[in-house]
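Residues per chain are reported as follows:
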Amino acid sequence: MATNSAIEWTEVTWNPVTGCDRVASGCDNCYALALAKRLKAMGAEKYQNDGDPRTSGPGFGVTIHPRSLAQPYRWRTPKVVFVNSMSDLFHAKVPLDFIRDVFDVIRETPQHTYQVLTKRAHRTARIAEKLDWPDNLWMGVSVESSDVVDRIDDLRAVPAATRFLSCEPLLTSLPDLNLHGIDWVIAGGESGPRARPMDPAWVEDIRDQCVHAGVAFFFKQWGGRTPKANGRELDGRTWDDMPELAAALP
């Protein structure tokens, strides 16, 4: 089944792949790694393969789930779908043929809008020409710090109809972003007991860059141990702008 999501910028999550490995500072407090450990202990079928303890953990070994490919065909109403909230579709251990299978499902269910987010932007760009990109797929990269802004150039090389950045957890300022070819930017602070602080000026600057460039901006959260308690307002309002959904297209 699809899992209803508490993530503000999507509706449901779909995980044809589970498991991952930490590759950057943005992964240090990975919610999915901690959740996979709990799911393994509960006996959840998808989370029984362990990953490398240096970069992954219990229940978080990269695993493909071919049976999950059928799920979107059964959804009766259009949905906004976060693909692989518990993994990274472009992880090196995910075979190219399986990525193609996922793309085929997306193409064959055009009523849904699918959001794919990766930290493996280099692999995404490298294999992009080997994939048939559906119009209802939004391709995004995580840009959590100034150390990884090069991922944006890799994203621009991808022929996705909609491209977006997830600046979450936002760990540094991101001045002078090149937003050419980018349709949407999400920003937010880190949540959880070990959340690293976010300077409000960093978010305001990203918002201003988006407004100047005509790019949709979505502010997800201030973050912290109890992020919901801190609200989502920025300068007295919520910022919920998004690109046009597939179901709204003619």
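Refer to the preceding data block for the structure.
Counting restarts for each chain: residues are numbered from 1 in the order of the written sequence. Residue-level local features of this predicted model are given only where pLDDT is at least 70; pairs of side-chain atoms are given and counted only at 80 or more, and the full residue set underlies all totals for whole chains, interfaces and linings. Side-chain measures here rest on the full set of heavy atoms in the structure, leaving out hydrogens and waters.

Engineer: Which parts of the structure should I look at to understand the nonpolar core?
Structural biologist: A general tendency of soluble globular proteins is for nonpolar side chains to be buried together. Put simply, a nonpolar core is a bunch of buried Ala, Val, Leu, Ile, Met, Phe, Trp, Tyr and Cys residues held in one set by side-chain atoms that sit within 4.5 Å of each other. Partly exposed describes any residue whose relative accessible area lies between the buried limit of under 20% and the exposed limit of over 50%, with all areas from a 1.4 Å probe on protein chains only and scaled to the type maximum. Membership of the largest hydrophobic core comes to 52 residues, with the highest contact counts inside it found for Trp14, Phe90, Trp133, Leu165, Val185 and Phe217. Counting from the N terminus, the helices are DSSP H or I runs at least four residues long and the strands are E runs at least two residues long. With seven residues, helix H2 (residues 96-108) is the single largest residue contributor to this core. Residues Trp9, Phe82, Phe164 and Phe218 belong to the second largest nonpolar core, which totals ten residues.

Engineer: I would appreciate a short explanation of helix H1 (residues 31-41) in the present structure.
Structural biologist: Every α-helix carries 3.6 residues per turn, so stepping three or four residues along brings you back to the same face. Looking only at H1, the buried set comprises Ala32, Leu33, Ala36 and Leu39. Down the axis of H1, the sector holding all buried residues measures 120°, keeping them to one side. Turned more than 90 degrees away from the buried face of H1, the exposed residues are Lys37 and Ala41. Gly43 sits one or two residues past H1 and shows a positive phi near 90°. When we speak of the arc, we mean the arc of directions from the helix axis to the C-beta atoms.

Engineer: Got a minute to help me understand the sheet that holds strand E5 (residues 80-83) in this structure?
Structural biologist: Two strands in a sheet stick together by hydrogen bonds in their backbones, pointing the same way (parallel) or opposite ways (antiparallel). A pair of strands counts as paired when DSSP detects no fewer than two bridges linking them. Taken in spatial order, the eight strands of this open sheet run E1-E2-E5-E6-E7-E8-E9-E10, and their pairing is mixed. Both edges of this open sheet fall to strand E1 (3-4) and strand E10 (216-221), since each of them pairs with a single strand only. For strand E6 (residues 113-118) and strand E7 (residues 137-142), the ladder comprises five bridges, and the chain directions are parallel. By the bridge assignment, Val116 is partnered in E7 with Met139.

Engineer: Any chance you could explain unusual backbone geometry here in plain terms?
Structural biologist: Most peptide bonds adopt trans geometry, and most residues besides glycine take a negative phi value. Looking along the chain, the bond that leaves Glu168 and enters Pro169 is cis, with omega of -5°. For Pro169, the location among the structural elements is in the loop between strand E8 (162-167) and strand E9 (184-188). Positive phi outside glycine occurs at Asp176, with the angle close to 55°. When you line up the elements, Asp176 lands in the loop between E8 and E9. Its relative accessible area of 73% is what places Asp176 among the exposed residues. You will see that Asp235, though not glycine, has its phi angle at about 55°, which is positive. Within the secondary structure layout, Asp235 lies in the segment after E10.

Engineer: What is the right way to look at the pairing of E8 in this model?
Structural biologist: It is a general feature of regular strands that their side chains alternate between the two faces of the sheet. With respect to burial, E8 is a largely interior element, six of its six residues being buried. Burial of E8 is two-sided: the residues Thr162, Phe164 and Ser166 facing one way and the residues Arg163, Leu165 and Cys167 facing the other way are all buried. Strand direction decides the pairing type here: E7 and E8, joined by five bridges, are parallel. When the sheet's bridge partners are listed, Trp138 is paired in E8 with Thr162. Regarding topology, helix H4 (residues 150-156) serves as the crossover connection from E7 to the parallel E8, and that connection is right-handed. Sheet analysis places E8 next to E9, joined by four bridges and oriented parallel. Residue pairing in the sheet places Phe164 in a bridge with Trp184 of E9. For a crossover, the right-handed case is the one in which the path from the first strand over the helix to the second runs clockwise, viewed with the strands pointing away from the viewer.

Treat this as a map of the structure, not an account of what it does.
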